[in-house]
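# Observations on chain architecture
Single-letter residue listing:
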Amino acid sequence: MDHGYRYTYEYDYPAGSGMDGVFGVIMSVYLIILTLVLIFALVSYIFHSIGLYTIGKRMGKEYPWLAFIPFFSLYIQGYIGDTLKYNCPPFNRYLYDLPLQYALPLLSIFSSVAYMVPLLGGLISLVLQLAVYVGQLLIYLFIFQYYEPEKKYLFTILSIIPVVGPLLVLYCTRRYRY
């Protein structure tokens, strides 16, 4: 008994929603930005490691290649700071008894462990990471005090920019030998 009714539903637009294309564009832009940030971080880390390696090698450090290993680069940086902190009188009395070559890596470890504490862990971790960062800036100050004393404060302030600090270290140490 065919009554002649044919109900067919045909639509001219795709089955997905209109947001699929927008989501794809947003994810593409996000991945491009993420890739550029990762490349920038890698280049910054390589320059930082080369700068620490150069100074460590010129100071006669036994294993300067440790500057290329992420955790041990803090140790090398602390060693350089311990060696040069005596040339910077304003900070000498405050940092005289503080072994930076052990303090920076330990603060980094404590920061990672503190982050796991449920309520205040993020805040404690942030404070410890800021302490590590301030320690790294002080070591830049010690390096610039030794190699470029007339430009030490300018170079230290410029070292806040991630890639600039290691490049300035390479610039300052280009003509010095131990």
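Along each chain, residues carry numbers from 1 onward, in the same order as the chain's sequence is written. The predicted origin of the model limits local features to residues at a pLDDT of at least 70 and limits the giving and counting of side-chain atom pairs to 80 or more, whereas totals for whole chains, interfaces and linings rest on all residues. Heavy atoms from the whole structure form the basis of all side-chain values; hydrogens and water molecules are not counted.

### Here's the deal with the overall build of the chain
Put simply, DSSP marks the helices as runs of H or I at least four residues long and the strands as runs of E at least two long, and each gets a number from the N terminus on. Counting secondary structure elements, the chain contains seven helices and zero strands. Only protein chains enter the calculation, and the probe is 1.4 Å; a residue is then buried if its accessible area is under 20% of its type maximum, exposed if over 50%, and partly exposed in between. Residue burial in the chain is summarised as follows: out of 178 residues, 34% are buried. Whether two residues are in contact is decided by their heavy atoms, any of which lying within 4.5 Å being enough. Considering only residue pairs separated by 6 or more positions, the chain has 54% of its internal contacts joining residues 24 or more positions apart. The Shrake-Rupley method, run with a 1.4 Å probe, gives the accessible areas here. Residue values count only the displayed protein chains as cover. In the form shown here, the chain has an accessible surface area of approximately 12100 Å², with 71% of it arising from carbon and sulfur atoms.

### So, the packing of aromatic side chains
Only Phe, Tyr and Trp rings are paired, with Trp represented by its six-membered ring, and only when their centres lie within 6.5 Å; those with planes under 30 degrees apart are stacked, over 60 edge-to-face, the remainder tilted. Applying the stated criterion across every chain, the model contains eight aromatic pairs. Centroid distance Tyr75 to Tyr102: 6.1 Å. Interplanar angle 50 degrees. Geometry classified as tilted. Of the two residues, Tyr75 is situated in helix α2 (residues 70-84) and Tyr102 in helix α4 (residues 100-114); the sequence distance between them amounts to 27 residues. What makes Tyr75 partly exposed here is its relative accessible area of 21%. Members of the aromatic cluster, connected to one another through ring pairs, are Tyr140, Phe144, Phe155 and Tyr171. Throughout this description, the term charge over a ring refers to an Arg CZ or Lys NZ atom that lies within 6 Å of the ring centre and within 35 degrees of the ring normal. One Lys or Arg, Lys61, reaches over the ring of Tyr79 and ends 4.2 Å from the middle of that ring.

### Points about the side chain of Lys152
Inspection of the secondary structure puts Lys152 in helix α6 (residues 152-158). A positive count includes Lys and Arg, and a negative count includes Asp and Glu. His and the chain ends are not counted in either. Salt bridge, as used here, is a side-chain nitrogen of Lys or Arg placed within 4 Å of a carboxyl oxygen of Asp or Glu. An unpaired buried charge is present at Lys152: no salt bridge exists, and Glu150, the closest side chain of opposite charge, is 9.7 Å distant. What Lys152 contacts, discounting residues up to four positions off in sequence, is Leu141, Phe144 and Gln145.

### Comments concerning the confidence of the model for the chain
Confidence of the predictor at the level of single residues is given by pLDDT, which spans 0 to 100. Taken over all residues, the pLDDT of the chain has a mean of 84, while the share at 70 or more is 88%. No element of the chain has a lower mean pLDDT than helix α3 (residues 89-95), which averages 73, and none a higher one than α6, which averages 91.

### As for α4
Helices are assigned an expected span. That span is 1.5 Å times one less than the residue count. Spanning 15 residues, α4 covers 20 Å between terminal C-alpha atoms, matching the ideal 21 Å at 1.5 Å per step. Considered for burial, the residues of α4 that qualify are Leu100, Gln101, Ala103, Leu104, Pro105, Ser108, Ser111 and Ala114. Of the surrounding elements, those touching the buried residues of α4 are α2 and α5 (121-147).

### Considering a nonpolar patch on the surface
A patch consists of residues exposed above 30% relative accessible area that lack any salt bridge, with like charges linked at up to 9 Å and nonpolar side chains (Val, Leu, Ile, Met, Phe, Trp, Tyr) linked at up to 5 Å. A surface patch of nonpolar side chains, amounting to about 1100 Å² of accessible area, comprises Tyr63, Trp65, Phe68, Ile69, Phe71, Phe72, Tyr102, Leu106, Ile109, Phe110 and Val113. Counting residues per element, the ones that place at least two in the nonpolar patch are α2 and α4. Ranked by residues supplied to the nonpolar patch, first place goes to α4 with five residues. Take Phe71: it is sitting in helix α2.

### A closer look at the nonpolar core
One finds Ile55, Ile80, Ile143 and Phe144 to be the most contacted residues of the largest nonpolar core, which totals 26 residues. Contributions of two or more residues to this core are made by α1 (19-58), α2, α4, α5 and α7 (164-172). Not counting the four nearest positions on each side in its chain, Ile80 is found in contact with Leu52, Ile55, Gly56, Met59 and Ile143. What makes a nonpolar core is a set of buried Ala, Val, Leu, Ile, Met, Phe, Trp, Tyr and Cys residues whose side-chain atoms join them at distances within 4.5 Å.

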